[in-house]
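Residues per chain, in single letters:
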Amino acid sequence: MIQRSLSISIQKFLHPLLFLLACQQVAMGQNLSTTSFTPADLRSGILENGMKYYIMENNEPPDRAAFYFAQNVGSILEEDHQRGLAHFLEHMAFNGTEHFSDKALLDYLQKNGIKFGYEINAFTDYDETVYSIRNVPVHNNALLDSVLLILFDWSAGLTLSAKEIDKERGVVREEWRSRYNPVKRADDTVKIQGLLKDSRYALRSPIGTMEVIDLFEYQDLKTFYNNWYRPDLQAVIVVGAIDSEEMEQKVKRLFSKLPIPDNPPNRPVFEVPTSDEFIYLTVADKELGTTEIDYFIKNKIDPSLNEKEVIEKNLKFRIISSLVNQRLHHIMNAAPVPALSVRFGLEKVVRPLEVIKISIHPKKGEILQSLEFALTELSRWMNHGATDQEFDRIKTAMIRSTETSLKSGKGRSSVYSAIKLYEAFFKDHKMADYHWELQYELDYLSALTREDLLEEFADYYKASEHIVAIKGSDSSLFPTEQAIVDLLEKLKVTPLDPYQDINFDRPLMDLVMEDGKVVSEEIITGTDGVRYTLSNGARVSLFPPPAKDEGVHFKAFSPGGRSVLDKELLTNSLFAPMFASESGLANLNKMELRKSEEVVPLDIKIEDHEETLTGYVTGKNLQALFKGIYLSFTAPRFDQQIFETAKQNLASLYATMESNIQNEFIENLQLAKSNYSEREVHLNNKLLDELSMEAIETVYRDRINNAADFDFVFMGEVDREQFLSLIKKYIGSIPGNKEREMVIDHDMIPERGIDRVHLRRPMKTPQATVNVYITGDMEYTHENQLALNILGQLLAKRYMESIREEEGGTYGVRVNAVLQQNPQDAFILNISFNGNPDMTERLLEIVYQELENLSHTLDQAAFYEIKSSLKKGIEENKSNSRRHFEKILQHLYTGMPLLTFEMELDAVDAITDKEILKLAFQINSNPRIIEGVLLPSE
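Along every chain, residues carry numbers that run from 1 in the direction the sequence is written. Owing to the predicted nature of the model, reporting of local features is limited to residues with pLDDT of at least 70; listing and counting of side-chain atom pairs is limited to 80 or more, with chain, interface and lining totals taken over all residues. Derived side-chain values reflect all non-hydrogen atoms in the structure, with water molecules and hydrogen atoms excluded from consideration.

Caption draft 1: Here's a closer look at the overall build of the protein. Every helix listed is a DSSP run of H or I at least four residues long, and every strand listed is a run of E at least two residues long, numbered separately from the N terminus. Counting secondary structure elements, the protein contains 31 helices and 25 strands. Based on C-alpha atoms, the radius of gyration is set beside the globule rule, defined as 2.2 Å times the residue count to the power 0.38. Taken over C-alpha atoms, the radius of gyration comes to 30 Å for the protein, in line with the 30 Å a tight globule of 938 residues would show. Taking the principal axes of the C-alpha coordinates as reference, the protein spans close to 80 × 75 × 60 Å. Here the protein holds 938 residues, and 55% of them are scored as buried. Should any heavy atoms of two residues lie within 4.5 Å, those residues are counted as being in contact. Sequence separation of 24 or more characterises 85% of the internal contacts of the protein that already satisfy a separation of 6 or more. When charges are counted, Lys and Arg are positive and Asp and Glu negative, with His and the chain ends excluded. One atom stands in for each charge, and that atom is NZ of Lys, CZ of Arg, CG of Asp or CD of Glu. Taken together, the 104 basic and 143 acidic charged side chains of the protein have centroids lying 1 Å from each other. Note on exposure labels: buried denotes an accessible area under 20% of the residue type's maximum, exposed denotes more than 50%, and partly exposed covers the range between, all computed with a 1.4 Å probe on protein chains only.

Caption draft 2: How the structure looks around helix 24 (residues 693-703). Looking only at helix 24, the buried set comprises Met 693, Ala 695, Ile 696, Val 699, Tyr 700 and Arg 703. One face of helix 24 carries all of its buried residues, which in axial projection span an arc of 165 degrees. It is the directions from the helix axis to the C-beta atoms that the arc portrays.

Caption draft 3: Expanded view of the sheet that holds strand 4 (residues 52-57). The sheet built from six strands is open, its strands ordered 3-4-8-5-7-6 with mixed pairing. The sheet terminates laterally at strand 3 (43-46) and strand 6 (120-124), the two strands that pair on one side only. Neighbouring strand axes in the sheet, compared pairwise and without regard to direction, differ in orientation by 10 degrees on average. By the bridge criterion, five bridges tie strand 6 to strand 7 (residues 129-137) in an arrangement that is antiparallel. When the bridges of strand 7 are listed, Ala 122 appears paired with Tyr 131. Relative to strand 4, helix 9 (residues 244-255) is tilted by about 160 degrees, and along the sheet it contacts strand 3, strand 4, strand 5 (64-71) and strand 8 (234-240). Strands are treated as partners if at least two bridges between them are detected by DSSP. Geometry is summarised by axes, namely lines fitted to C-alpha atoms with helices restricted to the contacting stretch, and by angles between N-to-C directions that run from 0 to 180 degrees.

Caption draft 4: Structural detail: the domain arrangement of the protein. In this document the domain limits rely on a domain assignment from an automatic tool or a database. For the protein, the assigned domains are domain 1 (43-256), domain 2 (278-493), domain 3 (518-731) and domain 4 (753-936). Relative to domain 3, the C-alpha centre of domain 1 lies at a distance of 44 Å.

Caption draft 5: Highlighting the nonpolar core. The nonpolar core is taken to be a set of buried Ala, Val, Leu, Ile, Met, Phe, Trp, Tyr and Cys residues, with the residues joined through side-chain atoms within 4.5 Å. Counting 79 residues, the largest nonpolar core has Phe 67, Ile 133, Trp 154, Leu 196 and Phe 255 as the members making the most contacts within it. At eight residues, helix 4 (residues 141-156) tops the list of elements feeding residues into this core. A domain split of this core shows at least three residues from each of domain 1 (43-256) and domain 2 (278-493). Beyond its immediate stretch of four places on either side in the chain, Phe 255 contacts Leu 47, Asn 49, Met 51, Leu 148, Leu 151, Phe 152 and Val 236. One finds Val 552, Tyr 630, Leu 691 and Tyr 700 within the second-largest nonpolar core, a separate group that totals 63 residues.

Caption draft 6: Layout of the pairing of strand 4. Here strand 4 lies mainly inside the structure; five of its six residues are buried. Counting the residues that bridge the hairpin from strand 3 to strand 4 gives five residues, and of these Gly 50 lies at a positive phi of roughly 100 degrees. Pairing geometry for strand 4 and strand 8, over six bridges, is parallel. The residue bridging Lys 52 from the neighbouring strand is Ala 235, located in strand 8.

Caption draft 7: Just the pattern of salt bridges, in detail. The rule for a salt bridge is simple: a side-chain nitrogen of Lys or Arg has to be within 4 Å of a carboxyl oxygen of Asp or Glu. If you walk through the whole model with that rule in mind, you get 68 salt bridges. Residue Lys 357 is joined to Glu 347 by a salt bridge in which the shortest nitrogen-to-oxygen separation is 3.9 Å. One end of the pair, Lys 357, is in strand 12 (residues 353-362); the other, Glu 347, is in strand 11 (residues 339-350), with ten residues separating them in the sequence. Residue Glu 347 is classed as partly exposed on the basis of its relative accessible area of 37%. A salt bridge links Glu 690 to Lys 686, with the shortest nitrogen-to-oxygen separation between them at 2.6 Å. Of this pair, Glu 690 and Lys 686 are both found in helix 23 (residues 685-690), four residues apart, which corresponds to roughly one turn of the helix. For Glu 690, a relative accessible area of 33% corresponds to the partly exposed category. It is possible to trace a salt-bridge network through shared partners that takes in Lys 103, Glu 164, Lys 167, Glu 168, Arg 804 and Glu 805.

Caption draft 8: Region of interest: the packing of helix 26 (residues 782-806) against helix 31 (residues 913-924). Where helix 26 meets helix 31, the closest approach of the two axes is 10 Å, and the angle between their N-to-C directions is 80 degrees. Between helix 26 and helix 31, the angle is such that the two are roughly perpendicular. Across the interface between the two elements, Asn 784, Ala 787, Leu 788, Ile 790, Leu 791 and Leu 794 from helix 26 touch Ile 916, Leu 919, Ala 920 and Ile 923 from helix 31. Grouping the amino acids of the contact of helix 26 with helix 31 by side-chain chemistry returns nine nonpolar, one polar and no charged. Our angle categories are set so that under 35 degrees counts as roughly parallel, over 145 as roughly antiparallel, 65 to 115 as roughly perpendicular, and the remainder as oblique. Under the scheme applied, nonpolar residues are Ala, Val, Leu, Ile, Met, Phe, Trp, Tyr, Cys and Pro; charged residues are Asp, Glu, Lys and Arg; polar residues are all the others, including Gly.

Caption draft 9: Molecular detail of unusual backbone geometry. A cis amide bond, omega 0 degrees, links Glu 60 with the succeeding residue Pro 61. Its location among the elements puts Pro 61 in the loop between strand 4 and strand 5. Cis geometry is adopted by the peptide bond preceding Pro 823, which originates at Asn 822 and carries an omega value of 0 degrees. Inspection of the secondary structure assignment puts Pro 823 in the loop between strand 23 (814-820) and strand 24 (826-835).

Caption draft 10: Structural context of the UniProt feature "domain: Peptidase M16 C-terminal" (unreviewed entry) in the protein. UniProt positions are given in the numbering used here, feature names are shortened, and annotations may be inferred rather than shown by experiment. UniProt's entry tags residues 217-397 and 703-870 with the feature "domain: Peptidase M16 C-terminal" (unreviewed entry), counted in the numbering of this structure. The span residues 217-397 is 44% helical and 25% strand by assignment, and the distance between its end C-alpha atoms comes to 57 Å. End-to-end, the C-alpha atoms of residues 703-870 are 38 Å apart, and along that stretch the chain is 38% helix and 24% strand.

Caption draft 11: Seen up close, the sheet that holds strand 25 (residues 928-936). The five strands are arranged 21-25-22-24-23 in an open sheet whose pairing can be described as mixed. Every interior strand has two partners, whereas the edge strands, strand 21 (753-761) and strand 23, have only one. For this sheet the average axis-to-axis angle between neighbouring strands, irrespective of direction, equals 10 degrees. Pairing between strand 22 (residues 768-777) and strand 25: seven bridges, direction antiparallel. Each residue of the ladder has a partner; that of Tyr 773, found in strand 25, is Ile 930.

Caption draft 12: Geometry of the side chain of His 782. Mapped onto the secondary structure, His 782 falls in helix 26. Taking the relative accessible area as the measure of exposure, His 782 reaches 16% and is therefore buried. Engagement of the side chain of His 782 in a polar contact is seen with the backbone oxygen of Pro 897, the distance being 2.7 Å. With sequence-adjacent residues up to four places away left out, His 782 is seen in contact with Gln 890, Met 896, Pro 897 and Leu 899. Think of a polar contact as two N or O atoms within 3.5 Å of one another; within protein, one of them needs to be a possible hydrogen donor and the other a possible acceptor, and neighboring residues in sequence only count if both atoms come from side chains.

Caption draft 13: Seen up close, the confidence of the model for the protein. Residues at a pLDDT of 70 or more form 96% of the protein, whose mean pLDDT is 92. Within a predicted model, pLDDT stands for the predictor's per-residue confidence, ranging from 0 to 100. Below pLDDT 50 for its whole length, residues 1-30 participates in 72 contacts with residues either more than four positions away or in separate chains.

Caption draft 14: Main features of the packing of helix 10 (residues 307-334) against helix 11 (residues 367-384). Closest axis-to-axis distance for the helix 10/helix 11 pair is 11 Å, and the angle between their directions is 130 degrees. Considering their axes alone, helix 10 and helix 11 lie oblique with respect to each other. Between helix 10 and helix 11 lies a crossing of right-handed hand. Across from Ile 320, Leu 323, Val 324, Arg 327, Leu 328, Ile 331 and Met 332 in helix 10, the residues of helix 11 making contact are Phe 373, Glu 377, Arg 380 and Trp 381. Class assignment of the residues belonging to the contact of helix 10 with helix 11 gives a composition of eight nonpolar, no polar and three charged. Here a crossing is taken to be left-handed if its near helix is turned anticlockwise relative to the far helix by less than a right angle, and right-handed if that turn runs clockwise.

This is the structure we're talking about:
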């Protein structure tokens, strides 16, 4: 059900504007208006045919380049009979061009290790279409030339064959089907009837209409292509480790060949009207879960702002958003409020329109009260702005962050720079030099005042179009329009005092501890790491990073997890770390902990077969990290008020999940995967009833204790003497009984054969969800891990061709192939997709047939492409600290050798097609299968 009220004047509901702010000129510490704008160092120009180009040298990352092709063309340019064709055309760019027939374009790029989806992609929006080919190796000149040729073909060389068009209709239909979920339906309603009301944009959603997609004539697509894909609306962008002069000459030679079209249609500019009306929308959908309230203030984007003014505006709104959200967070943590969450921000809707938006998730039965709470605080901010404390806190943090970025000397990544360049192209701006921009922001921040922010905000919080939209289940009781009107009238006349900052400045309690001792030290075989064993039995390992890294990575792990808990404690174990984290540590609650620089809180998890603590700090915060480790073991907090609030959040989450038919399907699949074990638990009303603070504390203290049962692993450039002192003081003081737990195997695996979990449920957007889970015994080795990875990618390629392209049955198939070691060595192969419900039986046949075919034969070209991509990824991650730390952890978890960069490359080179065939045969030999299918009711 969709309901919209009559329009009413917003004037009588708003507080009187602080119009004096518009006249007030705040004295700045320095006159930034005279600071000249410094553009990025790049080569750019406009060819005779109108094509723009931007060529920039950048070595982040080294040996790679990003190619982008930007077009000032989107769905807004479609006629009624073309709705959806701008997006459809984007799909067709990968289905045959003048120099790359059919799928030759993707085949060529993937043979060079560039992956479709991750590194080859595109998007279509209302006003723009952007194609990208990223992480292109620059050492191959032929590859660089070919990528430019692909961009050239995208401009004017799409073949648009009838056969490929008809095949792609099904793919686009399935993309629409997969995305048109309850949340999307509700958001589209708010856009069409509220945000974009009375504009062309309201009827030009990029996905279009399926009636047009099914029935458009071939010539309709070609007409749109010929009219709008033309050089005067396009830009070539190349950023990376290239010779910019040489690349510029190549771009000029190639793209100057594009002809100037005769009498091209004018590229119109469209607006979204704003007025002084107020709109109230309610959207009820039985498939929506909990209620969400959105409050919008519409504002036209000023296209006349220059580059410096855009930087200033964005910076001010970053600060305003941080201030408002932090204040809301403080209030909600200090005392009970009627909202579960409130979020404030400035969002772009379409090119000419942005909105101030407040999103509210109300507590059950408190819709009106939560809206009043949020709008009261917004109004308070409008009237009084930030306190001195709030402003100084946020401003200092942003100055510190900007100074750190400036001092690091690092630049933007090539991909990020390319994105900034196409954004500049669409605005007809120049991109700022990155380090100049940081310095300008720093100078601007230093001179910025509270009054500047309030003046900026006053320009938005004006008598323009305001919208209240409430979305929820059809069983929700929404407020009447009159109730909303009365609330706004009440807010108009309610005097509001300035906000009183809540003091969260509390020092950490004194820590009394007895240092442990290092009882042994050893080099970890096959690595450059060292392991220290402490007197309490804790094992502490330290590794150097693969390249210069200012940070320290940390993870502690212990076997056991939920597998060793009594069945009665399992429900509480799912959320024990969350409740503890929300409560804080020692004498500090969560907000006090965030403000404290004495302690770094950790990410703590209790998993099925292990418990972990994870953290990352810069070197100067190393002691704060160690305090976080010590207190996580010895002084966790369990706050009853936090427990009650968090429990309400979980109840709200469950209400959302309960209304989602996918959730029921997933729960049934999980139960089948566990062989219908009583130890399998899910979020439901029974679990919520069983949650208790006492049981949660019992679980946490049972799992996060005994230092002797944990391995504490660090990677970073640290002073050894300081490190030894810290581990003896903080980790050595954690109690340890030197007993080590083992994972308990509860035999939670499916029986051999196929267990079919098939459900039918009512759906507004009919679609099939298929999830095939296959598992079986497999030794946990590097060789099997690599072979299984390749097998999964081979399957994904085949499903892409057969299920998506040939059958048109889905937008995409996800294949996840992994090895697991606990509770026993096994492979897991998961194949899932959403698709056409009328084709489900046929698509399932293909799933099994393609897997069976891999036992006998494989596509050698695809095999080569995957190996090339793997080697490319290994090279790109050679100095990646996070990836190296993951390899270290795997070595310590499993005992498998720690592979060097060269060993990883050699392993990929060495693997043969016979090994993949053998692995596929093993997988097909009497596996355990859970076949999940969710279909619409008949």
